[in-house]
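Below are the chains, spelled out letter by letter.
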Amino acid sequence: MRGYYDFEQMNNIENNTGSVADAMEELERHKKEVTDSIEYAFLIQAALLPPNQQLERYLDEHFVLYLPRDIVSGDFYWLYPMDQWIYIAVADCTGHGVPGALMSILGISFLNEIMSKREFIKPNRILNLMREKVMKALHQTGARNESQDGMDIGLIALNRSTNELQYAGANNFLHYIRKGEIKQMKGDRMPIGISGIEEVSFSNHLITMHKGDIVYLFSDGFADQFGGKKGKKYKYRQFQSLLHSNSKRPMREQKELLLNEFLNWKGSYDQVDDILVMGLKI
Amino acid sequence: MKLISFRIHNYRSIIDSGWNDLSPDNITGIIGQNESGKTSILEALNSFYTGTVSEDILRGDMSLPVVSCCFEIDPGLAGKVLDEKELPPGVLKQIKSSRELCLTRIWDEDLGSRIKIGGQKMSALFDKHEKLNSEYQKKLHKKVDACLEKKDKAVQLYAEAEKDRKMLVQDIDRFRLLIAEEQKESKLKKGKDADKASLARLSKMEKDLAQSTGTLTRKKKELQLLKKEAEELTRNYKIAESSRQATIRLDTAIDVLESTYKELRDLQRIFNSIKYEIDRRGVKPELDKLNEKYVKALQEYDLANEDAIIKLNLAYKVAEGMTLTAAEREVESEKPHIDKYYSREEAGTAIFEHIPEFVLFEDFSSLLPNKIDLEDILGANREVEGMRAARNFLKLSGLTPSFFVEGSSRLLKQKIERLNRSITVDFQDFWRQQIGKRNKISISFEMEHYSQSHPEKSGYPYLEFWIKDRHERLYPKQRSRGVRWFLSFYLELKAAALSEHGKGMVLLIDEPGLSLHARAQEDVLKVFDYIKDRMQVIYSTHSPHLIDSKKIYRLLAVQREIEDKDSSETKIFNAKSLTAASADTLSPIYTLIGARLSEQQYIRQKNNVILEDISTYYYLSTILSLIELEKEVYLLPSSHISNVETLVNLLLGWGIDFIVLTGGNAKGLEIHNDLKQNLCRGDRKLEKKYLINMESFLSVEDFFSTLDFKKYVLHQRVGIPESNSIFLKDNRYSRAVLASNFMNEVQDNNMKFEDFDDETKENFMWLFRKLENILY
């Protein structure tokens, strides 16, 4: 976590008082100020995420497991209804905490801006445009020593009349359960932002969902969490099995099961990354 | 109101010109060879305004001329002008939606004319209403006629029965007389045989008498009934009879009115054709008398018409069973005698008062003469050269005929001098600013009287005109034709400005500056441009110098259907159909813009696509080389978007078909909309035929997806969230260099259309599909 610390001020405090206790007290006060500031930032970030009423209005059975590592998060989810379509994104920005949160705000703004024309845009085109915006905003040209920040994202457009689902992913997979089987749809192995390889268009995937299918979008936080008896990563395959085994349970219960599993696995280990899992029953 | 189109039927060589739109920028040129019918169009339009035609314009089959003009009209104005009566349903709505109104002048066999509302839709609305009204009138007449017939029949039956009764009375009298005579004779004879025969005759006679008396009694009863019925019907249908009499009165009034009108018109024509005022004075009393008779006939017509309408309506209501008093009350409240609705003719005449003034400017009458008799000016003698120019001069001076007749010669001279000075100053300004000439020119006119050397005109006044410069004073005809033409034209403009009442003006100019040198003819065009915001100009020419190569849409081409045959019909081609006109007709255009380009290989007769710049050409020609369109397409790059319209005019002039492709950017849309208005004149079909706009693609670069654009055009990894074209503009890239490099790279790398991503392919195919829909 990168933050802003006024070392000069801290030195001055020490020099002026010469007392460690005073310095500690001052540090505590300073920390509180920073924490208060971040907590306020959390309120702003939370306000940018889709409110529960909106999720309830546009989605059938669903859950969102959103566990920021710090107060604010580099993960975000986004929802945009347009006519018969509903766009849903789950994104994981580089970093976590304040820098991740800043990127997430950029991401949410860009997505809203792209959709502002109020016309249907294929998910892969949205990702192409997002990448252009991020590259321009961060002045990324592929030169050395420049910012490599960006985000991974899974984006679906679901037609609520026909259940047609279009998906595009930047370093992100989509999973869905159909008739008791878990299936996955691979996104492209490139981020939203500059990367080592020259930009190519994101792919657009199309699938017709059936009534009862469950779609999952998630960031990599859960699978990357250290814990268990041996202090190892939870891993992607195990997370996939977890989703599969919980899939027959009601969506609300699935969220609780995921949370319990996460807390059990983490145990006394620190949370390593922001966690975001979204499930949606068709 | 602005004249927007016209149609001419049966006017000299024109049988049916079809509707012809005028140029929206107020200058319309009519080109064509000699005797093609150019002047006929101008004359027909002038006749539309003045209502006068001469017999020599009639076609051989004596079909009568009809000239229609459509005007752009503010619906508010139409509402104001036509507010005295009601308009048939739908008329105002139609005016509001089309914002135009057509008037048609129709001439009759006596060459009198009337103005009517024209146009198919509008006429249909009036005709439908008039038909309904006429059917209602027929219904009234039918009912009233039926009543009258019933009454007449009853009266007739009564008359016949009365006749029968009288005959019976006569028969009875006769029988009685015969019986008396027979009785007398029988007494004298006293013989047995004679008595027998006599008794037999007497017996028969008495029998006949009894029979006739019986019949008479029956007849009397029957007669009573018939009489009662006839009297009742006569009483009841008295108003119907009255209506019949009113109709007869109206018919008579119409006959009188028509015959008086004809008499008046004939005499007016004779009066107008009389050359000298003195001769006219002889005819004037008769004309006044006839005028008075006509006014009286008109008044009688109005009274008779009102009387007939009221009585017809009363009679109808009574026939329907109403009492006369009740009918009178109802008719009073309905006021059927008030003609509530405009007829086509009434509405047309009312609108006509507000159309722009049409003025014909032609060299013979409108060029300033050396000298002209005052009599000819005041009498508007059309057969005298320069009459119109001289009248314009007098109009500007404000000198009235009475001033010349009775005014003091000293005052007149002073006034003339002041006028000379003021016209000179104004003209000098016009000459310098509009024609760009620096030489000082002054104008003067003087009034003289014929000397004894002209015995037939001795003492008559005439005006003499002079044009002076620094060196000499010369008659107008001794000056260059340019000076004379511009001076005369200037007088026309000034005079028109004086008489204009905010209605606008349509200036019809036949062969302006005929035989002026090329530069002076170009100056004429400058003057047209100068005045076009104040008046509409329609001119005929066969000079290339009177055509603006950038504005070919201003032209109408005229030619004979069979070109070498002067007796064949005149055909008119507008800018959109110039390709169908012959090379001879279009020769002024070819002279102006070069040889016939349709002969070479680069541009074809059809399927040429005008592009806004060279970059667009590079990209599109490169992409087109990668795919195979089913139809041939020839791309013509303009050097810059601002030159697209010039290229359009060139191709129009050459008679070559084309499509104009413009970008979705502001300039591209501006050109697109200009062409919509000027070339297609709002015709959707033509817009689809001629124009394609890239819509959401601001420029051709935007057909590439951002990724392809970066990969194949820009060769840079940079974020471009905006459109490619805006990125290039903001970052000041050379479009042409990038486009040219792209073309070379595609060729060098043997690229295929499939190499581009889906977005790029979709975008270009969108454009090509649009093109293919139009291409032949």
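As the structure is a prediction and not an experimental result, all values here were calculated from the model.

Novice: Now, about the overall build of chain A: what can you tell me, with residues and values included?
Specialist: Broken down by element type, chain A carries seven helices and 12 strands. Here the C-alpha coordinates of chain A stretch approximately 70 × 45 × 35 Å along the principal axes. When the 282 residues of chain A are sorted by exposure, 48% land in the buried category. Restricting the contact set of chain A to residue pairs at least 6 apart, pairs at least 24 apart contribute 69%. As presented, chain A carries roughly 14,600 Å² of accessible surface, and 50% of it is formed by carbon and sulfur atoms. Once the 33 positive and 37 negative side-chain charges of chain A are each reduced to a mean point, those two points are 11 Å apart.

Novice: Can you tell me about the sheet that holds strand β4 (residues 27-32) of chain B, naming the residues and giving the values?
Specialist: Residues and elements named next belong to chain B. Pairing within the open sheet is mixed, and its six strands lie in the order β8-β13-β14-β4-β15-β16. The open sheet has two free edges, formed respectively by β8 (357-362) and β16 (570-574), since each of these has just one partner strand. Each neighbouring strand pair of the sheet contributes to a mean axis angle of 20°, computed without reference to strand direction. Two strands pair when backbone bridges link them, and strand β13 (residues 505-510) and strand β14 (residues 536-541) are joined in this way by four bridges, in the parallel orientation. In the sheet register, Ile509 faces β14, and the bridge partner there is Tyr539. The strands touched by helix α1 (residues 38-50) within the sheet are β4, β8, β13, β14, β15 (555-560) and β16, with β8 carrying the most contacts at an inclination of about 145°. Against the sheet, helix α16 (residues 518-531) engages β4, β13 and β14, with an angle of about 160° to β14.

Novice: Can you tell me about the packing of helix α19 (residues 644-654) of chain B against helix α20 (residues 666-680) of chain B, naming the residues and giving the values?
Specialist: Residues and elements named next belong to chain B. Running from N to C, α19 and α20 cross one another at 35°; their axes reach a closest spacing of 11 Å. Between α19 and α20 lies a crossing whose hand is right-handed. Mapping the contact onto sequence places Val644, Glu645, Val648 and Leu652 in α19 and Ile671, Asp674, Leu675 and Leu679 in α20. Taken together, the residues of the contact of α19 with α20 sort by class into six nonpolar, no polar and two charged.

Novice: Report on the domain arrangement of chain A, specifying residues and quantitative values.
Specialist: All names here are of chain A. As assigned here, chain A comprises domain 1 (12-48) and domain 2 (52-281). Using C-alpha coordinates to define each centre, domain 1 is positioned 33 Å away from domain 2. With seven residues of domain 1 at the interface, the matching set in domain 2 holds 10 residues. The largest per-residue losses of area from domain 1 upon contact with domain 2 belong to Ile38, Gln45 and Leu48, which jointly make up 72% of the total buried on that side. At the boundary of domain 1 with domain 2, the tally comes to zero salt bridges. Our count for the contact surface shared by domain 1 and domain 2 stands at two residue pairs in polar contact (both at pLDDT 80 or more).

Criteria and cut-off values
Residues numbered from 1 in each chain as written. Chains lettered and ligands numbered in written order. Predicted model: local features only at pLDDT ≥ 70, side-chain atom pairs only at ≥ 80, totals over all residues. Heavy atoms only, no water. Helix = DSSP H or I, 4+ residues; strand = E, 2+ residues; numbered from the N terminus. Buried < 20%, exposed > 50% of the residue type's maximum accessible area, 1.4 Å probe, protein only. Contact = heavy atoms within 4.5 Å. Areas by Shrake-Rupley, 256 points an atom, 1.4 Å probe, with all protein chains shown as cover. Lys, Arg positive; Asp, Glu negative; His and termini not counted. Charge placed at Lys NZ, Arg CZ, Asp CG, Glu CD. Pairing = 2+ DSSP bridges. Axes fitted to C-alpha atoms, helices over the stretch in contact; angles between N-to-C directions. Left-handed = near helix turned anticlockwise from the far one by under 90°. Nonpolar A, V, L, I, M, F, W, Y, C, P; charged D, E, K, R; others polar. Domains from an automatic or database assignment. Buried area = accessible area lost by both parts, 1.4 Å probe. Salt bridge = Lys/Arg side-chain N within 4 Å of Asp/Glu carboxyl O. Polar contact = N/O pair within 3.5 Å; in protein donor to acceptor, adjacent residues only side chain to side chain.

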